Amino acid sequence: MAIERGVDDIDIDELGIEDNSKEILVGSASEDDLMFDQVEDGDEVILDDGTMVFGMDDMADDMPVDFNANLAEFMDSQDLGRIYSDCMGDIKDDKSSRKEWEDQYKEGLEFLGMKFEDRTEPFDGASGVVHPLLAESVTQFQAQAYKEMLPSGGPVKTQTVGFGTPETDLQAARVQEYMNFMITQEMKEYDPETDQLLFYLPLSGSAFRKVHFDPAVGRPVSRFIPSEKLIVPYGTTSLDNAPRITHAIDMSMNDVRKLQQSGFYRKTKMKDATDYVDTDEIEEEIDELQGVKPSGSSNDECELFEMHVDLDIPGYEDVDAQGEETGIKLPYIVTLSPTQNTVLSIRRNYQQNDPMRKRIDYFVHYKFLPGVGFYGFGLTHMIGGLSKASTSILRQLIDAGTLANLPAGFKARGIRIRDNDTPLQPGEFRDMDAPGGSLRDALMPLPFKEPSGTLLSLLGMLVDAGKRFASIADMQVGDGNQEAPVGTTIALLERGSRVMSAIHKRLHYSQRVEFNLLARVVKESPLKTYPYMIANGQQQLMATDFDDRIDIIPVSDPNIFSMSQRVMLAQEMMQMVQSNPQIHGPQGIYNAYRRMYEAMGVQQIEQLLPPPPQPQPMSPGMENAGFLQGQPAQAFADQDHDAHIAAHISLLRSPIVQDVPQGQMQIAAIIQSHIYQHIDFKAREMAQQDPQIMQMNQQMQMMQQQAQMDPMMQQQLQMMQQQMMPIMEDKVATITTQLLEQYAPAMSAQTQEDPLVELRDRELDIKEADMERKAREAQRRISIEQERVDNNKELAEDRMDLQSETAEMKDKIARERINVQRSAQMAKTAENVAKNFFGN
């Protein structure tokens, strides 16, 4: 919670001001004013409105303040004092809330083994060695991640957002080339600080980068910030929703004075940095590991706090459309100097034309493991206990061996041993003065045991557990089954590097955020031209290239973390390409070999693997020679299309092509396909001469020149291009149809004067007549056969009708017989009944 205190509530002793000096905090109105002005009794300044102000010689006229100006230069002293008090109180609260995290981090640093410890317990000279489990894990991770995150060619690659065009592809290539050039050549601090970041990251679990434009070097920078130097409030889950972010900056007093003279910081009365003492246990532990310490009075370093926070500053409140205050806090960057007890600068931290007043981001958070809060977990948190236990067991084993090799004990008081300080040599028998009795009874060694085998086994188990977690026990591919399938080997590699792959994905995400912040800074930086000659030979404006059409991503693959895994995948791809080269073609085979070399880390691949030859413009005669060998040719836009079409039509009509029917089918198809290419290029050239198209091209050229100065014109240029595309295609289609009608007769005509052609035509006529005769005979045979089939069908139908009639007759006769028998039986029955009734 912030401490609400005004200037009247600030303790004079806390500010470092003597009581009799009567110093008060006032805002500097000019370059010569100081924050702490000595005010003697009776000094006063009367303003135009009658206000009497003590301790100020001048007051600046009421004038509009520049948007990017240091607002602390124009603010009231009481407001500055309240802001300083509140911000420093917040910083103290934020640092105290992470005290346990700092203690755990500090304790983990002790087990890196960088400093040998002279111990006197349990005996003088006991072993102070530290087991290298934690140091080995950190070093292994740093070595793997450094190569993946910062390749030699540059860590940036680009891709076009949405549908790509040749223009956006060239733009993406320019952005990628410049950012890699800037990171690898201009930003000399990027490589070593990335190396240092990847060493800090597994220790503390979190590391940060700050991306901004540094006016001191005149270019964008991306600085590494250790986790202990960036402070956030309790309850913060990410940098995006942090209510305030404080960066503790170590800076020399001389650099502070330079920034004050340049106008970046407001001028104050400087005091020695030694007057302000703020102990940082983590920094002390790091200094102890390095073997360095402050040099006393010669130390000119001071600590500044740069806080990115939302404030409601009097005089600069947020107002609505009616001019009424909304009470909404706005983003600011406040720089505090604890050594001077003052605010050095207050600057707005949002874009001037942004209606939402969104905070500008400068920081990127790199995490080793996500943890359960804002700060990530490192190896000191996860395997720090195993490292501590391993160190304890290792020291016990060494101490046990020391005591077993150099035993101690008790001896009788009367025994005297000559040269007792000199150890016994092999084969030596030393004289002793002993009273009577057995020498064995006069000496009693302590019962020291040999190093315990149980402890040694336990040490091995702890080390293996730590290595499994840190994934530093890499699988040796050569030790495995050489006949195992590639997929099985890849699965084993993935299983052994799952933890590292997950960490690599988090690094890949953070690096992508960093590159996008860097692209924004490049776009807003004063440099607007490329520092080298680009592909088209023009120094195009840089700001127009860094727009939303290009997505900037890291080169590293977030799914692959080891070179062996990359080589295995490339080998599997190589086998698939070699199994069916017809589908992939020469370019696919070339790309497969190139990816294999890249996975192996081979440099200057072009010297080993020349790219496949690209088609080059050729004369019509050379193209015709290739056609006769069955080789297709490629047409180009800048060729003489009429001359090429005439030469190819001449070859198409020549006897060389038309003599052999099979050759005519293959070669003629290749020639006609090539002629159609020239027709398409010629149609596009003719379409460009259309008055409507020419007018639209002129308008687009003018808009393109304006777009270099005004990025908003780029959208109108894209709309103009989209409108022109269907008009252009319609013109090309119409002209292509006309050209095809013009050249179609010549492409399909045959030479009449050639006797071989006439003989072939005659042979074809004879063959056609013979085929017609055979067709007529076949038709006649088919008719006879059809008539026979029809007759057989009629006979079969008659037979079926006769059988049907016969069956009906038999059925009718059977029914009549049944009726007669039934009638006779009924008559007989009636007769029997009558006899019985009337008697005989």
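Residues numbered from 1 in each chain as written. Predicted model: local features only at pLDDT ≥ 70, side-chain atom pairs only at ≥ 80, totals over all residues. Heavy atoms only, no water.

1. With respect to the overall build of the protein
Of the regular secondary structure elements, the protein holds 24 helices and 18 strands. Residues classed as buried in the protein amount to 37% of the 840 residues present. Approximately 50,600 Å² of the protein is accessible, and the part contributed by carbon and sulfur atoms is 54%. (Helix = DSSP H or I, 4+ residues; strand = E, 2+ residues; numbered from the N terminus. Buried < 20%, exposed > 50% of the residue type's maximum accessible area, 1.4 Å probe, protein only. Areas by Shrake-Rupley, 256 points an atom, 1.4 Å probe, with all protein chains shown as cover.)

2. Focus on the nonpolar core
Among the nonpolar cores identified, the biggest contains 64 residues, and L230, L507 and F546 are the most heavily contacted of them. Elements with a minimum of two residues in this core: helix 3 (99-109), helix 4 (133-149), helix 5 (166-186), helix 6 (190-204), strand 6 (206-214), strand 7 (219-226), strand 13 (363-367) and helix 14 (498-524). Ranked by residues supplied to this core, first place goes to helix 14 with nine residues. (Core = buried A, V, L, I, M, F, W, Y, C linked by side-chain atoms within 4.5 Å.)

3. What to know about the environment of A643
As for its position among the elements, A643 is in helix 19 (residues 641-653). Its relative accessible area of 36% is what places A643 among the partly exposed residues. Separated by 35 residues in sequence, A643 and H678 have C-alpha atoms that sit 10.0 Å apart.

4. Quick notes on unusual backbone geometry
You will see that N341, though not glycine, has its phi angle at about 55°, which is positive. As for its position among the elements, N341 is in the loop between strand 11 (330-337) and strand 12 (342-348). Judged by its relative accessible area of 10%, N341 is buried.

5. Notes on the pairing of strand 6
The two faces of the sheet receive side chains in turn, since in a regular strand these alternate between them. Most of strand 6 is tucked away: eight of the nine residues are buried. Sheet analysis places strand 6 next to strand 13, joined by five bridges and oriented antiparallel. Among the inter-strand pairings, A207 is bridged to a residue of strand 13, identified as Y366. Following strand 6, the chain reverses through four residues before pairing antiparallel with strand 7; G218 in that reversal takes a positive phi of roughly 75°. (Pairing = 2+ DSSP bridges.)

6. Side note on the confidence of the model for the protein
The predicted model of the protein averages 77 in pLDDT, with 75% of residues at 70 or higher. Segment residues 1-62: pLDDT under 50, and 101 contacts once partners within four positions in sequence are set aside and those in other chains are kept. (pLDDT = per-residue confidence, 0-100. Contact = heavy atoms within 4.5 Å.)

7. Some details on the sheet that holds strand 9 (residues 244-252)
Picture the strands of a sheet paired through backbone hydrogen bonds; they go either parallel or antiparallel. Taken together, the five strands give an open sheet; going across it, the order is 8-9-10-11-12, and neighbouring strands pair in antiparallel fashion. At either end of the open sheet lies a strand with only one pairing partner, and these are strand 8 (230-231) and strand 12. Across seven bridges, strand 10 (residues 301-311) lies against strand 11 in antiparallel orientation. Looking across to strand 11, one finds that D310 is bridged to P331. The sheet strands contacting helix 7 (residues 253-262) are strand 9, strand 10 and strand 12, and the helix crosses strand 9 at an angle near 110°. (Axes fitted to C-alpha atoms, helices over the stretch in contact; angles between N-to-C directions.)

8. What to know about the pattern of salt bridges
Evaluated as defined, the whole model comprises 23 salt bridges. Measuring nitrogen to oxygen at the nearest pair gives 2.9 Å for the salt bridge that ties R244 to D94. Of the two residues, R244 is situated in strand 9 and D94 in helix 2 (residues 77-97); the sequence distance between them amounts to 150 residues. Of the two residues, R244 and D94, both sit in the buried class. Linking K731 and D690 is a salt bridge whose minimum nitrogen-to-oxygen distance equals 3.4 Å. Remark: D690 occurs in the loop between helix 21 (661-688) and helix 22 (691-709) and K731 occurs in helix 23 (residues 713-748); sequence separation between them is 41 residues. (Salt bridge = Lys/Arg side-chain N within 4 Å of Asp/Glu carboxyl O.)

9. A word on the packing of helix 3 against helix 6
For the pair helix 3 and helix 6, interaxial distance at closest approach is 10 Å and the crossing angle is 115°. In terms of their interaxial angle, helix 3 and helix 6 are classed as roughly perpendicular. Facing W101, Y105 and L109 of helix 3, the residues of helix 6 in contact are Y200, L203 and S204. Taken together, the residues of the contact of helix 3 with helix 6 break down into five nonpolar, one polar and no charged. (Parallel < 35°, antiparallel > 145°, perpendicular 65-115°, else oblique. Nonpolar A, V, L, I, M, F, W, Y, C, P; charged D, E, K, R; others polar.)

10. Let's talk about the packing of aromatic side chains
In the structure shown here, the tally under the stated rule is nine aromatic pairs. Judged by centre distance (5.7 Å) and plane angle (35°), the ring pair of W101 and Y105 falls under tilted. In this pair, W101 and Y105 are both assigned in helix 3, four residues apart and thus about one turn of the helix distant. One aromatic cluster is present, built from ring pairs that chain together W101, Y105, F208, F374 and Y375. Seen from the ring of Y190, R209 lies directly overhead, with NZ or CZ sitting 4.4 Å from the centre. The cationic tip of R520 hangs over the ring face of Y362; the distance from NZ or CZ to the ring centre is 5.5 Å. (Phe/Tyr/Trp six-rings, centres within 6.5 Å; stacked < 30°, edge-to-face > 60°. Lys NZ or Arg CZ within 6 Å of the ring centre and 35° of its normal.)

11. So, helix 4
Here helix 4 spans 24 Å end to end across 17 residues, near enough to the 24 Å set by a 1.5 Å rise per residue. Buried residues of helix 4: L133, L134, S137, V138, F141, Q142, A145, E148 and M149, and no others. Each buried residue of helix 4 lies within a common arc of 155° when the element is viewed along its axis, so the set occupies one face. (Expected span 1.5 Å × (residues − 1). Arc of directions from axis to C-beta.)

12. Some thoughts on the sheet that holds strand 7
Taken in spatial order, the three strands make up an open sheet running 7-6-13, and their pairing is antiparallel. In this open sheet, the two edge strands, each paired with only one partner strand, are strand 7 and strand 13. Each strand of the sheet is rotated relative to its neighbour by a mean of 25°, with strand direction disregarded. Sheet topology places strand 6 next to strand 7; eight bridges connect them, and they run antiparallel. In the strand pairing of strand 7, V211 is matched with S222.

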